[in-house]
Amino acid sequence: MTIEAIDFGRLYRDHLAMSQRTRKDPSAWDSRAAGMASKALRSRYADEFVARMDLSGAASLLDVGCGPGTIGLAVAGQLQRVVGLDYSSAMLDAMRSKAAQNGLGNVETLHRAWEDDWSDVPQCDIVVASRSTTVEDIATALERLHAKARLRVYLTHLVGGHFTDPAIQAVIGRRMPSVPDYIYLLNILHRMGIHPRLDYIAHENRLADAVDFDDFARRVAWSVGELDAHETECLRSWYQRATPQQRRGTPMRWAFISWEKVPC
Ligand SMILES: C[S@@+](CC[C@H](N)C(=O)[O-])C[C@H]1O[C@@H](n2cnc3c(N)ncnc32)[C@H](O)[C@@H]1O
């Protein structure tokens, strides 16, 4: 058998199906829009993402799964047109209001899901998908990013397959299966004839920002699902004993994957 025989898109779908990940609907993301927006324009993650981008020759950018505009707004001052695409209307509202606050008149939003019809999604010089690629059909998602870009594509995808530190999962007696990580994407791109650059961005995980135990427990439940009373008590007693360092957990690592469009 050779690697050509492997359908990595299918493997990704099978892996995701086995991960028991509950599909989040737009309202789940709506509820996080205000919290994410308060940090959107000033995070170290955004700085690190933008530092790896090449905007030369670019006038427009499409930000897919844009959230409150974490990447699109950070570079909007250097471009003529920025389009944020997301299926959460609260995220798009947050992006528009942040753009207005910052005097950015070149930002527009598109209420759309990865899975919807994209025939009217504009082609842009740069296409970005930051922390937004845990979709059911990654092969189609990558084809869409590639098709909508004139010059370059930049995306980040989880390394290691766990949104919640396995050490925290152990505290509540859960062992969540991993979700498919970036290695599938590299193989699918290779099959598409694309040989991307690869880098990594590490940053504190979401638990590090928790203001108290209730907030901490809510953040754990976002990734692993509702906690029952016993799990909550296990987590509480661990939280009370844990050092600030242990509460912060291990950093999240994102694979930063980028490629150039070869002119046809
Ligand atoms: C982790 S946030 C990332 C936001 C932003 N790109 C960033 O890096 O801060 C994931 C975003 O993807 C959006 N999203 C999730 N699934 C989606 C889907 N199927 N179609 C469109 N957007 C989706 C969510 O609404 C959310 O805004």
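As a reminder, the structure under discussion sits directly above these lines.
Cut-offs used in this document
Residues numbered from 1 in each chain as written. Predicted model: local features only at pLDDT ≥ 70, side-chain atom pairs only at ≥ 80, totals over all residues. Helix = DSSP H or I, 4+ residues; strand = E, 2+ residues; numbered from the N terminus. Buried ≥ 20, exposed ≤ 12 C-beta atoms within 10 Å, placed from the backbone. Contact = placed C-beta atoms within 7 Å. Axes fitted to C-alpha atoms, helices over the stretch in contact; angles between N-to-C directions. Parallel < 35°, antiparallel > 145°, perpendicular 65-115°, else oblique. Left-handed = near helix turned anticlockwise from the far one by under 90°. Near = placed C-beta within 6 Å. Nonpolar A, V, L, I, M, F, W, Y, C, P; charged D, E, K, R; others polar. Pairing = 2+ DSSP bridges. Arc of directions from axis to C-beta. Core = buried A, V, L, I, M, F, W, Y, C linked by C-beta atoms within 7 Å.

1. Let's talk about the overall build of the protein chain
Point 1. What the protein chain contains, in helices and strands, is 12 helices and 7 strands.
Point 2. For the protein chain, the residues scored as buried account for 32% of the 264 residues in total.
Point 3. The contacts in the protein chain between residues at least 6 apart in sequence include a share of 72% that link residues at least 24 apart.

2. Here we look at the environment of Gly35
Point 1. Locating Gly35 in the fold gives a position in helix α3 (residues 33-37).
Point 2. For the pair Gly35 and Gly65, spaced 30 residues apart in sequence, the C-alpha separation works out to 16 Å.

3. Describing the packing of helix α7 (residues 138-148) against helix α9 (residues 183-191)
Point 1. Where α7 meets α9, the closest approach of the two axes is 10 Å, and the angle between their N-to-C directions is 60°. As summarised for this structure, α7 and α9 are arranged oblique, according to the angle between their axes. α9 is crossed by α7, and the crossing has right-handed handedness. Taken together, the residues of α9 that come into contact with α7 (itself represented by Ile138, Ala139 and Leu142) are Tyr184, Leu185, Ile188 and Leu189.

4. Observations regarding the site of the ligand
Point 1. The immediate surroundings of the ligand are formed by 16 residues, with Trp29, Gly65, Gly67, Thr70 and Ser130 found nearest.
Point 2. The class makeup of the residues in the shell around the ligand is 7 nonpolar, 6 polar and 3 charged.

5. Comments concerning the sheet that holds strand β3 (residues 107-111)
Point 1. Spatially, β3-β2-β1-β4-β5-β7-β6 is the arrangement adopted by the 7 strands of the open sheet, whose pairing is mixed. The open sheet terminates on both sides in strands that have one partner only, identified here as β3 and β6 (197-203). Each adjacent strand pair in this sheet contributes to an overall mean axis angle of 20°, direction not counted.
Point 2. Sheet analysis places strand β5 (residues 149-158) next to strand β7 (residues 252-260), joined by 7 bridges and oriented antiparallel. What sits directly across from Leu155, in β7, is Ile257.
Point 3. Across the face of the sheet, α7 comes into contact with β1 (60-64), β4 (124-130) and β5 while running at roughly 150° to β5.

6. Quick look at α9
Point 1. Taken together, the buried positions of α9 are occupied by Tyr184, Leu185, Ile188 and Leu189. Angularly, the buried residues of α9 cover 130° about the axis, an arc narrow enough to put them on a single face.
Point 2. Here the buried face of α9 lies against α1 (8-18), α7, β5 and β7.
Point 3. Immediately beyond the C-terminal end of α9, within one or two residues, lies Gly193, with a positive phi of roughly 85°.

7. Some thoughts on the nonpolar core
Point 1. Counting 53 residues, the largest nonpolar core has Val127, Val128, Ile138 and Leu145 as its most contacted members.
Point 2. Looking at which element gives the most residues to this core, the answer is helix α6 (residues 89-101), with 6 residues.

8. Here's the deal with unusual backbone geometry
Point 1. Located in the positive-phi region is Arg131, a residue other than glycine, with phi close to 55°.
Point 2. Within the secondary structure, Arg131 is located in the loop between β4 and α7.
Point 3. Arg131 gets classed as partly exposed once you count the C-beta atoms within 10 Å, which come to 18.

9. With respect to the environment of Asp63
Point 1. Here Asp63 is to be found in strand β1.
Point 2. With 65 residues separating them in the primary sequence, Asp63 and Val128 have C-alpha atoms 4.8 Å apart.
Point 3. With sequence-adjacent residues up to four places away left out, Asp63 is seen in contact with Ile71, Gly72, Val82, Val83, Gly84, Leu85 and Val128.

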